[in-house]
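The primary structure of each chain is shown beneath.
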Amino acid sequence: QSCVPSSSRALMLLAQLEKLNGETLLTDAEAPRQISNKILHLIQTQEKTRKELMTKSSSGMEVILASLERTRDLQTTLNILGILSTGRGVCVLVSKGGTGVLLQLLLSCGKETPPNEELMMQIHSLLAKVGPKDRKFGVKARLSGSMNVTVNVVKQNSHNPRLLLPCLQVLRLYSSNSVNAISLGQSGVLDLLFKVIGPYSRKNTSSLKVALDTLAALLKSKMNARRSVERRHVSLLLATYLDWHRNDSRHRHMLIRKGILGCLKNLANIKLGRKAFVEADGMRILYNTSVDCLPVRTLDPLVNTSSLIMRKCFPKNRLPLSTIKSVYQHALPMLPAGGTVAQLYNQPPGVDDVADDSDDNEDAELDTDNDMESEQERHSRNDDIETDINKLRPKPVQTRPYEELKMYERFFIELSEDFQADVTSKPLSPVLIPTGQAPPTVPETEGISVTRVAPQVAEADLPGSLSRLTLESSQAVLEVPDTAALLPLHDPDLYIDMTKVTHSVPRYSEVAYPDYFGHVAPSSPEPILDRAYGVQRTKIFQDIERLIHPNDILDKVVYDLDVESCPAIDDGEALKFNSQFESGNLRKAIQIRKFEYDLILNADINSNHYHQWFYFEVSGMRLGVAYRFNIINCEKANSQFNYGMQVLMYSVQDAIGGRPQWVRTGQDICYYKNHFSRSSMAAGGQKGKSYYTMTFTVTFHHRDDVCYFTYHYPYTYSTLKMHLRKLAEKRAEGVYLREDALCETLGGNSCPLLTITAAPESSKHEHLNHLRNRPVVFLTARVHPGESNCSWVMKGTLEFLTGSSASAQTLREAFIFKIVPMLNPDGVINGSHRCSLSGEDLNRQWQNPSRDLHPTIYHTKGLLQYLSAQQRAPLVFCDYHGHSRKKNVFMYGCSVKETVWQTDINTTSYELQEDLGYRTLPKLLSQLAPAFSMSSCSFVVERSKEATARVVVWREIGVQRSYTMESTLCGCDQGKYKGLQIGTRELEEMGAQLCVALLRLHRLTSPLELRTHTHLLEHELPETRCNITSPTTHVLDEDEPGDLEKVDYSAESDDPDDEQNEQLSDPDTFG
């Protein structure tokens, strides 16, 4: 027999065992005992045999399981369990129905009195291996009734570690099923586990670890959590944790300590648990133990979990405000039919809108251990994709009669003018379309005048040999560098003139120094900040110290816009704040510690939320002191401030010294959920929501300097008007530039509309005809006031279009540009982040804009509808935006095919026929612009974006190339600017590169017309082969993604409900 191969011997033995699986197995115990013992020996000694018997194709598993079911002999059963436990055949065991066989065997064994200890240990050891591989293990265990057997074994053997460990392992698997967890809690398992969980001991640590994991799984059930709190388990767990912390000096049992924290974390998910934790002095215990752990890097998991528990249990505070509504109000000509604005106006007097009983919500906001979106969130995002094929098919419609649209003919006089006079030197004469709103009284800008003085320092000390200016006010005289040589579009005197005719709701009478001085971009971009390890938890611990050591907190208000008579409170000790200037936003400043301040932003006017944009002044600082600033009422669930983005600072003393520029600054920057409760009124009806803190630390380089901090490079409405005036003065020869007033805003400010093209060579018919036949390119920007970066992109576009380069001239000869550079002047002026004075997001009003509430959108759409009625729909429509959560510059477009690819819609190939020309412009930009990322572009149409400019212009006006161009607020992670924060130079470059791409697009769409101009492009554009897919449209090679998974189909960030619909998890991995 020894000459027979081992595999053949095993097969022979299996065949014999299979023959015995009849009546013989029940009557003759010796034969199956010997055969099973021989098979066990072969499997234990022969690797090849084990593999052959445990494969899915082998029938050996069925024979063995059948024998296990039928045998009544204890030794045979133990032998077969040994066979099943050997090797890696667990998955085969599950697939052959082994789970049910084992559970029935457990049930039978449990009926014996007393049950055999060895058999119980073997069964539970094998079930502990089987359970993780069987997704229905918990259900099978409950239905078979075997759970009670395991519970009874644990009760009877709590001091028998050899049997206890496998039983606890199986109990942990049972508890992962929510129904089982409730049943086990009712069976007294919680108290049973606390007989195992005890103070520090070097014995039976494995059983203790499994018991803690089981308890944590059971406490995910709110019913079990409440039962545990009622039994005073919170204080018991805290005492146990403290005991292990004190005695585990060599940190050999970190997993046990982490297991205890896991139980506390689940108890903190219910209000009773949080209350019990605070009453048991849990905040102080976890804070002190965490401080002890901080020096040991390997204990970071304990520190992070402790921090998470403390943040959950930190008592919710109300924002220190009397109301979350904006400090400023503006009377509307009419109320919207519904929505948040109507709710705001209909709110009964005396209602507390700052806080409510949010903590009564049993569902505490769950924090995850990473920054990635959950599977559920990704599914909800996919659910937003439009699936109605009829809505996906663009169908140009006219919602207004043509007779009404004829009012916009006055904005297209270039199509009818005979150009008998010199059109390039005509004075600007804006045309105003009344909107029924009487302009408000112009506020006087008092106490400000500008005079030139001789420089008082050597010219060599100033870069570029800048001369100086003086800004005189009632308070101080400052010498200011003249930046005219470096900023040809900036004129401080002109800026003051522009501010005097700008209408703000607060009636600002001050001018921010950076807007007056101007900004000279640094010579090179600044690097993305490397985040220091553990900075976020350090900041959170400092916040927790406020609760533990309340006597150390000053809590002194030093600036408050709600105190209208005197918002700035100067006691000579604290910093001085100010935000009462155009685009400024800071509502309140509270001194927390000597060098730490909590800052509260103002909501958008006629709104109670949208806190993100900030722009404020700080003065009275000390030299070399690190000041911490906390903006405590942010709303988005994550921010690029967690990924290397810095705030911007402008130093007046640096400007005087020859460096008039915004610079990225701040250390220890992070963004995290805080303990200030958001009322349900400010959170769309949801309870239990919290605000977020954006914190940064700054050390000032000058004593008693005047510094400004902002979210992004400011670009005010007065700056735009100044730039437009200077552009008109400096435009190149042959530029046709006309500025019209499209309409008046609710605040009485003019919304400028620009027309730029090449003036005809003469008034001859062929020259006039050439101009009138030029296609239209329609550009808009700054519908969201807080996205100031898109205004800098627009500045780059305007400077290119009015420039003297040959490419600019060719582009003007190719197109007529209609440009609305600022769709929301009121929001920009009043320091709003997202809304106009109507309190609404204007980029959600394009489907049905109101002439009274949304005049800029109403009339801009009217211009587009007029062009469509004239059969002159734009070749390209592009709406400039800024993106707060992604890097690079990219585009969103509209495609039926790419939308359908992301859904389960059943369509024919005919329905998916689509001209791929919509991809050409983004592809060109990816080749031209270093900051542009094609992989970040998306062409999916989503339901939540149906009322945005991009989708409405595509669907109703019929513009195939309808885009949103998003520019990062942070920086780039690819290309030439990888690892760098974006600046105004790069943003303006992006605007110019869009023009170059449009010129190349014109070449591709009209090749015959531009044959004679090819040389103008060769030095600016890479040579790109193209394929013709239609007589008029060229598509670049590889326009269709070869691998659809590589295309990013995420939605743009200009959704007001982003913080609710597309939440990014709060980073709790504090590295």
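Small disclaimer: the values here were computed from a predicted structure and weren't measured.

Draft legend 1. Spatial organisation of the overall build of the protein chain. Counting its regular elements, the protein chain contains 41 helices and 23 strands. Expressed as a percentage of its 1071 residues, the buried residues of the protein chain come to 60%. Once local pairs closer than 6 in sequence are excluded, the contacts in the protein chain between residues at least 24 apart make up 78%. Summed over all atoms, the accessible surface of the protein chain reaches about 42900 Å², with 49% contributed by carbon and sulfur.

Draft legend 2. Structural view of the packing of aromatic side chains. Tallied over the full model, the rule gives 37 aromatic pairs. Across the ring face of tyrosine 533, the terminal group of arginine 297 is positioned such that the distance to the ring centre comes to 3.5 Å. In this structure, lysine 818 packs its charged tip against the face of phenylalanine 412, placed 4.4 Å from the ring centre.

Draft legend 3. Molecular detail of the nonpolar core. In this structure, Phe577 and Phe629 are the most contacted members of the largest nonpolar core, which totals 134 residues. Of the residues forming this core, the biggest block, eleven residues, is contributed by helix H39 (residues 984-1005). In contact with phenylalanine 577, not counting residues within four places along its chain, are Val558, Tyr559, Ala568, Leu586, Ala589, Tyr597, Leu599, Phe616, Glu617, Val618 and Phe629. Among the nonpolar cores identified, the runner-up in size contains 110 residues, and Leu40, Leu68, Leu164 and Ile548 belong to it.

Draft legend 4. Representation of the environment of glycine 339. With respect to the element layout, glycine 339 can be found in the loop between helix H21 (300-313) and helix H22 (340-345). The exposure class of glycine 339 is partly exposed, given its relative accessible area of 42%. Along the backbone, glycine 339 and glutamate 840 are 501 residues apart, and their C-alpha atoms lie at a distance of 8.9 Å.

Draft legend 5. Inspection of the pattern of salt bridges at higher detail. Counted under the stated rule, the structure contains 37 salt bridges. Here arginine 231 and aspartate 191 are joined by a salt bridge, their closest N and O atoms 3.1 Å apart. Residue arginine 231 is found in the loop between helix H16 (222-230) and helix H17 (233-247), and its partner aspartate 191 is found in helix H14 (residues 189-196); the two are separated by 40 residues along the sequence. Across the pair arginine 628 and glutamate 596 runs a salt bridge whose closest N-O atoms are separated by 3.5 Å.

Draft legend 6. Representation of the pairing of strand S19 (residues 876-883) in the model. In terms of burial, S19 is a largely internal element, eight of the eight residues being buried. Burial of the side chains of S19 extends over both faces: Val876, Cys878, Tyr880 and Gly882 are buried on one face and Phe877, Asp879, His881 and His883 on the other. For strand S17 (residues 776-781) and S19, the ladder comprises five bridges, and the chain directions are parallel. Within the sheet, the bridge partner assigned to threonine 780 lies in S19 and is aspartate 879. As paired elements, S19 and strand S21 (residues 961-968) share eight bridges and run parallel to each other. Of the residues in S21, the one forming a bridge with histidine 883 is threonine 968.

Draft legend 7. Highlighting the confidence of the model for the protein chain. Summary statistics for the protein chain give a mean pLDDT of 84 and a share of 83% for residues scoring 70 or more. Counted against residues more than four places away or in other chains, residues 423-476, with its pLDDT under 50, gives 134 contacts. Counting interchain partners and residues more than four positions distant, the pLDDT-below-50 stretch residues 1009-1071 has 193 contacts.

Draft legend 8. Inspection of the pairing of strand S13 (residues 690-699) at higher detail. With nine of its ten residues buried, S13 lies for the most part within the structure. In terms of strand pairing, strand S9 (residues 626-634) meets S13 through seven bridges, oriented antiparallel. Along S13, the bridge assignment pairs tyrosine 627 with valine 698. Of the strand pairs in this sheet, strand S12 (residues 667-677) and S13 are connected by six bridges, and their pairing is antiparallel. Within S13, the residue paired with cysteine 670 across the bridge is threonine 695.

Draft legend 9. Examining the sheet that holds S9 more closely. The mixed open sheet is built from six strands, whose spatial order is S4-S6-S7-S9-S13-S12. Of all the strands in the sheet, just strand S4 (556-560) and S12 have a single pairing partner and so form its edges. In this sheet, adjacent strand axes meet at a mean angle of 25° when their direction is disregarded. Bridge analysis of strand S6 (residues 588-593) against strand S7 (residues 596-600) gives five bridges, and the strand direction is antiparallel. Bridged to alanine 589 within S7 is leucine 599.

Draft legend 10. Broad picture of the sheet that holds strand S5 (residues 576-578). Spatially, five strands are ordered S5-S8-S14-S10-S11 in an open sheet, and the strand pairing comes out antiparallel. At either end of the open sheet lies a strand with only one pairing partner, and these are S5 and strand S11 (663-665). With direction set aside, neighbouring strand axes in the sheet form an average angle of 35°. For strand S8 (residues 615-619) and strand S14 (residues 706-710), the ladder comprises five bridges, and the chain directions are antiparallel. From the neighbouring strand, serine 619 faces S14, where its bridge partner is valine 706.

Draft legend 11. How the structure looks around the environment of methionine 61. Its location among the elements puts methionine 61 in helix H5 (residues 60-70). Remark: the alpha-carbon pair of methionine 61 and glycine 89, spanning 28 residues in sequence, is separated by 9.0 Å. Non-local contacts of methionine 61, meaning those with residues more than four positions away in its chain, are made with Leu53, Met54, Leu84, Gly89, Val92, Leu93 and Lys96.

Draft legend 12. Structural detail: the packing of helix H8 (residues 98-110) against helix H10 (residues 137-144). The geometry of H8 relative to H10 is characterised by a closest axis approach of 10 Å and an angle of 35° between their N-to-C directions. Both H8 and H10 take part in a crossing whose hand is right-handed. Contact residues: H8 offers Thr99, Leu103, Gln104 and Leu107, while H10 offers Phe137, Lys140, Ala141 and Ser144. Broken down by class, the residue content of the contact of H8 with H10 amounts to four nonpolar, three polar and one charged.

Draft legend 13. Spatial organisation of unusual backbone geometry. Across the junction of threonine 113 and proline 114, the peptide omega takes the value -10°, indicating a cis bond. Assignment of secondary structure puts proline 114 in the loop between H8 and helix H9 (117-130). We note that aspartate 281 has phi near 65°; this positive angle belongs to a residue other than glycine. Positionally, aspartate 281 belongs in the loop between helix H19 (271-279) and helix H20 (282-293). Phi at tyrosine 610 takes a positive value of approximately 70°, unusual for a residue other than glycine. Here tyrosine 610 lies in the loop between S7 and S8. Take tyrosine 610: its relative accessible area is 11%, and that puts it in the buried class.

Draft legend 14. Up close: the side chain of aspartate 598. The topology assignment puts aspartate 598 in strand S7. For aspartate 598, a relative accessible area of 2% puts it in the buried group. Polar contacts involving the side chain of aspartate 598 include one to the side chain of arginine 546, which spans 2.8 Å. Polar side-chain contacts of aspartate 598 include one of 3.0 Å to the side chain of asparagine 630. Filtering out sequence-adjacent residues up to four positions away, aspartate 598 remains in contact with Arg546, Lys588, Ala589, Ile590, Ile592, Asn630, Ile632 and Phe676.

Draft legend 15. Highlighting the packing of helix H18 (residues 254-267) against H21. Packing of H18 against H21 brings their axes to within 10 Å, and their N-to-C directions diverge by 15°. Between H18 and H21, the crossing angle belongs to the class labelled roughly parallel. The interaxial crossing formed by H18 with H21 has left-handed handedness. For the pair formed by H18 and H21, the contact residues are Met254, Arg257, Lys258, Leu261, Leu264 and Lys265 on the first element and Pro301, Leu302, Thr305, Ser306, Leu308, Ile309 and Lys312 on the second. A class-by-class count of the residues in the contact of H18 with H21 yields seven nonpolar, two polar and four charged.

Draft legend 16. Representation of H18. Taking 1.5 Å as the rise per residue, H18 with 14 residues should run 20 Å; its terminal C-alpha atoms sit 20 Å apart, in good agreement. Burial within H18 is extensive, with eleven of its 14 residues counted as buried. Among the residues making up H18, those that are buried are Met254, Ile256, Arg257, Gly259, Ile260, Leu261, Gly262, Cys263, Leu264, Asn266 and Leu267. On its buried side, H18 packs onto helix H15 (205-218), H16, H17, H19, H20 and H21.

Draft legend 17. Spatial organisation of helix H6 (residues 74-85). In a regular helix each residue adds 1.5 Å, so twelve residues correspond to 16 Å; H6 covers 16 Å between its end C-alpha atoms and thus fits that length. Burial analysis of H6 places nine of its twelve residues in the buried class, the great majority of the element. Every buried residue belonging to H6 is among Thr76, Thr77, Leu78, Asn79, Ile80, Leu81, Gly82, Ile83 and Leu84, and all of these are buried. Its buried side turned inward, H6 meets helix H3 (30-45), H5, helix H7 (90-95), H8 and H9. Two or three places before glutamine 75, at the opening of H6, aspartate 73 has a side-chain oxygen 3.4 Å from that residue's backbone nitrogen.

Rules and cut-offs
Residues numbered from 1 in each chain as written. Predicted model: local features only at pLDDT ≥ 70, side-chain atom pairs only at ≥ 80, totals over all residues. Heavy atoms only, no water. Helix = DSSP H or I, 4+ residues; strand = E, 2+ residues; numbered from the N terminus. Buried < 20%, exposed > 50% of the residue type's maximum accessible area, 1.4 Å probe, protein only. Contact = heavy atoms within 4.5 Å. Areas by Shrake-Rupley, 256 points an atom, 1.4 Å probe, with all protein chains shown as cover. Phe/Tyr/Trp six-rings, centres within 6.5 Å; stacked < 30°, edge-to-face > 60°. Lys NZ or Arg CZ within 6 Å of the ring centre and 35° of its normal. Core = buried A, V, L, I, M, F, W, Y, C linked by side-chain atoms within 4.5 Å. Salt bridge = Lys/Arg side-chain N within 4 Å of Asp/Glu carboxyl O. Pairing = 2+ DSSP bridges. pLDDT = per-residue confidence, 0-100. Axes fitted to C-alpha atoms, helices over the stretch in contact; angles between N-to-C directions. Left-handed = near helix turned anticlockwise from the far one by under 90°. Nonpolar A, V, L, I, M, F, W, Y, C, P; charged D, E, K, R; others polar. Polar contact = N/O pair within 3.5 Å; in protein donor to acceptor, adjacent residues only side chain to side chain. Parallel < 35°, antiparallel > 145°, perpendicular 65-115°, else oblique. Expected span 1.5 Å × (residues − 1).

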